[in-house]
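Listed below, chain by chain, are the residues.
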Amino acid sequence: MGTISSAPPEVRYVEVHGHRRAYVVAGEGPVLLLLHGLGCDHTTWAPVVQALARTHTVIAPDLLGHGASAKPRADYSVGGYANGMRDLLTVLGVDKVTVVGHSFGGGVAMQFAYQFPERTERLVLVASGGLGPEVTPFIRAITTPGFHQAVGALMLPGVRHAVVGSLRALGQVPTSHTRDLAEIAEILETFRDPRARAAVRHVVRHVVDWHGQVVTMADRAYLTEAMPMLVVWGTEDRVIPASHAANAAVLAPRARIELVPDAGHFPHKDHPERFVAILENFVASTRPATYSRARWRRYLTQGPAASVAQAEAGSRPVRPTPLPRGPRAVTSGRGA
């Protein structure tokens with residue numbers, strides 16, 4: 001067990017494919033890979049890193065296009081991010097991890113587990129994308145043609161101070177409707193950098209359209225039977241609704257579901273001690289997955305026990321509701 005410092009870990013840098021990757025690392029032991037959400041960076045995990053580092057090696061990177069990492073014209077798809085995490089871990093000499101993803105980072109975590117099951121010991125999703133169509137209008141608005149210009153106008157010094165200050169002030173009001181506004185203010189602050197705005201726009205256009213989330217784990221959720229899975233959600237999440245935790249329970253019946261009362265979209269920040277306890281208990285009470293090509297092939301050959309309702313391309317999204325086993329039913333009706 002490593003010695004834990006009260007100071008935040010130093011940001012380190014490494015080049016992967018010629019692009020700078022920023023990350024922090026703390027502690028010793030089995031590796032936890034912490035992936036932040038859209039517009040955030042590794043500091044979103046600051047309330048829990050030191051506690052988790054008492055028993056684990058914690059690696060928290062800034063995803064490409066975020067924080068102190070490079071912001072190139074590049075692949076900002078969830079698959080591209082999963083590849084980037086594999087390559088970062090390889091450079092750092094890490095073979096296997098329990099991958100923990102928050103919000104968009106949850107989508108990356110799911111994709112990482114899907115693409116690289118041989119390197120995934122457990123999957124932990126925190127208020128994750130990819131489990132249902134609904135998402136806050138703020139994120140949907142990022143896909144609109146005038147987003148870049150509109151936010152650029154909001155970033156003018158006087159306007160930015162007023163908007164960010166108002167959001168921070170409203171975020172201090174103790175109601176469920178204002179809980180996450182202070183975090184949104186911090187995300188807006190990062191949009192001062194036009195490269196960060198462009199990167200976020202590219203990310204969102206890969207996973208969201210005006211109707212809601214596009215990318216989903218619904219059709220491949222049955223593969224999570226091969227590894228322990230934990231889903232954590234704040235009951236007062238206004239960014240991605242907590243009802244998506246129920247979707248996860250249906251799609252992956254063996255998953256452990258933890259709802260955190262009096263928490264919003266950032267349960268690891270609203271209740272860090274509770275979050276650490278949940279995560280540590282999950283890791284301690286589950287065995288790390290071991291990859292078997294034969295078993296993975298068997299899962300893929302047999303397919304899911306039940307099909308999942310899915311929309312046709314170009315139609316409104318639908319909730320991922322299980323359907324009777326047999327020929328895959330396709331639904332293109334109204335979204336929720």
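Cut-offs used in this document
- Residues numbered from 1 in each chain as written.
- Predicted model: local features only at pLDDT ≥ 70, side-chain atom pairs only at ≥ 80, totals over all residues.
- Heavy atoms only, no water.
- Helix = DSSP H or I, 4+ residues; strand = E, 2+ residues; numbered from the N terminus.
- Buried < 20%, exposed > 50% of the residue type's maximum accessible area, 1.4 Å probe, protein only.
- Areas by Shrake-Rupley, 256 points an atom, 1.4 Å probe, with all protein chains shown as cover.
- Axes fitted to C-alpha atoms, helices over the stretch in contact; angles between N-to-C directions.
- Parallel < 35°, antiparallel > 145°, perpendicular 65-115°, else oblique.
- Left-handed = near helix turned anticlockwise from the far one by under 90°.
- Contact = heavy atoms within 4.5 Å.
- Pairing = 2+ DSSP bridges.
- Expected span 1.5 Å × (residues − 1).
- Salt bridge = Lys/Arg side-chain N within 4 Å of Asp/Glu carboxyl O.
- Polar contact = N/O pair within 3.5 Å; in protein donor to acceptor, adjacent residues only side chain to side chain.
- Right-handed = clockwise from strand over helix to strand, strands pointing away.
- pLDDT = per-residue confidence, 0-100.
- Phe/Tyr/Trp six-rings, centres within 6.5 Å; stacked < 30°, edge-to-face > 60°.
- Lys NZ or Arg CZ within 6 Å of the ring centre and 35° of its normal.
- Core = buried A, V, L, I, M, F, W, Y, C linked by side-chain atoms within 4.5 Å.

### A short note on the overall build of the protein chain
Right, so step 1: Across its full length, the protein chain carries twelve helices and twelve strands.
Right, so step 2: Counting over 336 residues, the protein chain shows a buried share of 54%.
Right, so step 3: Accessible area of the protein chain: about 15,100 Å², with a carbon and sulfur share of 54%.

### Here's the deal with the packing of helix α2 (residues 78-91) against helix α3 (residues 104-115)
Right, so step 1: The N-to-C vectors of α2 and α3 enclose an angle of 70°; their axes lie 8 Å apart at closest approach. In terms of orientation, α2 lies roughly perpendicular with respect to α3. Relative to α3, α2 is oriented so that their crossing is right-handed. Taking contact as the criterion, the partners of Val-78, Gly-79, Tyr-81, Ala-82, Asn-83, Met-85, Arg-86 and Leu-89 in α2 are, on α3, Phe-104, Gly-107, Val-108, Gln-111, Phe-112 and Gln-115.

### Some details on the sheet that holds strand β3 (residues 31-35)
Right, so step 1: Strand order across the open sheet formed by eight strands is β1-β2-β4-β3-β5-β6-β9-β10, with mixed pairing between neighbours. Each edge of the open sheet carries a strand with a single partner, namely β1 (12-16) and β10 (256-260). Strand-to-strand twist in this sheet, taken as the mean axis angle between neighbours without regard to direction, amounts to 25°.
Right, so step 2: One ladder, built from five bridges, connects strand β9 (residues 229-234) with β10; its direction is parallel. The residue of β10 that forms the bridge with Trp-233 is Leu-259.
Right, so step 3: The sheet contacts of α2 involve β1, β2 (19-26), β3, β4 (57-61) and β5 (97-102), and relative to β1 the element is tilted by about 115°.

### Digging into the pairing of β1
Right, so step 1: Sheet analysis places β1 next to β2, joined by five bridges and oriented antiparallel. Residue pairing across strands places Val-16 opposite His-19, the latter belonging to β2.
Right, so step 2: Where β1 hands over to β2, the hairpin turn is made up of two residues, of which His-17 adopts a positive phi near 55°.

### So, α3
Right, so step 1: Compared with an ideal rise of 1.5 Å per residue, which puts twelve residues at 16 Å, α3 spans 17 Å between its outermost C-alpha atoms and is within 8% of the ideal.
Right, so step 2: Burial analysis of α3 places ten of its twelve residues in the buried class, the great majority of the element.
Right, so step 3: Listed as buried for α3 are Phe-104, Gly-105, Gly-106, Gly-107, Val-108, Ala-109, Met-110, Gln-111, Phe-112 and Ala-113.
Right, so step 4: Here the buried face of α3 lies against β3, α2, β5, β6 (120-126), α8 (194-207) and α12 (293-302).

### Quick word on the pattern of salt bridges
Right, so step 1: For the coordinates displayed, the defined rule picks out six salt bridges.
Right, so step 2: A salt bridge links Asp-193 to Arg-195; the nearest nitrogen and oxygen atoms lie 2.8 Å apart.
Right, so step 3: Between Arg-220 and Asp-219 there is a salt bridge; the shortest N-O distance is 3.3 Å.

### With respect to the side chain of Ser-77
Right, so step 1: Positionally, Ser-77 belongs in the loop between β4 and α2.
Right, so step 2: Look at Ser-77 and you get buried, because its relative accessible area is 16%.
Right, so step 3: In this structure the side chain of Ser-77 is engaged in a polar contact, spanning 2.7 Å, whose partner is the side chain of Asp-75.

### Focus on the pairing of β6
Right, so step 1: Of all seven residues in β6, seven are buried; the element is thus mostly enclosed.
Right, so step 2: Here six bridges tie β5 to β6, and the two strands are oriented parallel to one another. In the sheet register, Val-99 faces β6, and the bridge partner there is Leu-123.
Right, so step 3: Between β5 and its parallel partner β6, the chain crosses via α3, and the hand of that crossover is right-handed.
Right, so step 4: As paired elements, β6 and β9 share four bridges and run parallel to each other. Across the sheet, Val-124 pairs through a bridge with Leu-230, a residue of β9.

### Regarding the confidence of the model for the protein chain
Right, so step 1: Considering every residue of the protein chain, the mean pLDDT works out to 86; 88% of them sit at 70 or more.
Right, so step 2: In this model residues 1-5 is a low-confidence stretch, pLDDT under 50, and it forms eight contacts with partners more than four residues away in sequence or in other chains.

### Description of the packing of aromatic side chains
Right, so step 1: Across all of its chains, the model carries five aromatic pairs by this definition.
Right, so step 2: When the ring of Tyr-76 is compared with that of Tyr-81, the centres are 6.1 Å apart and the planes differ by 55°; the resulting orientation is tilted.
Right, so step 3: Taking the relative accessible area as the measure of exposure, Tyr-76 reaches 1% and is therefore buried.
Right, so step 4: Assessed through its relative accessible area of 4%, Tyr-81 is described here as buried.
Right, so step 5: When the ring centre of Tyr-114 is taken as origin, the NZ or CZ atom of Arg-220, which lies over that ring, is 4.5 Å away.

### Thoughts on the nonpolar core
Right, so step 1: If you look at the biggest cluster of nonpolar residues, it comprises 65 residues, and the most contacted ones within it are Phe-104, Leu-123 and Leu-125.
Right, so step 2: Setting aside its immediate chain neighbours within four residues, Phe-104 contacts His-36, Gly-37, Leu-38, Leu-63, Val-78, Tyr-81, Val-203 and Val-207.

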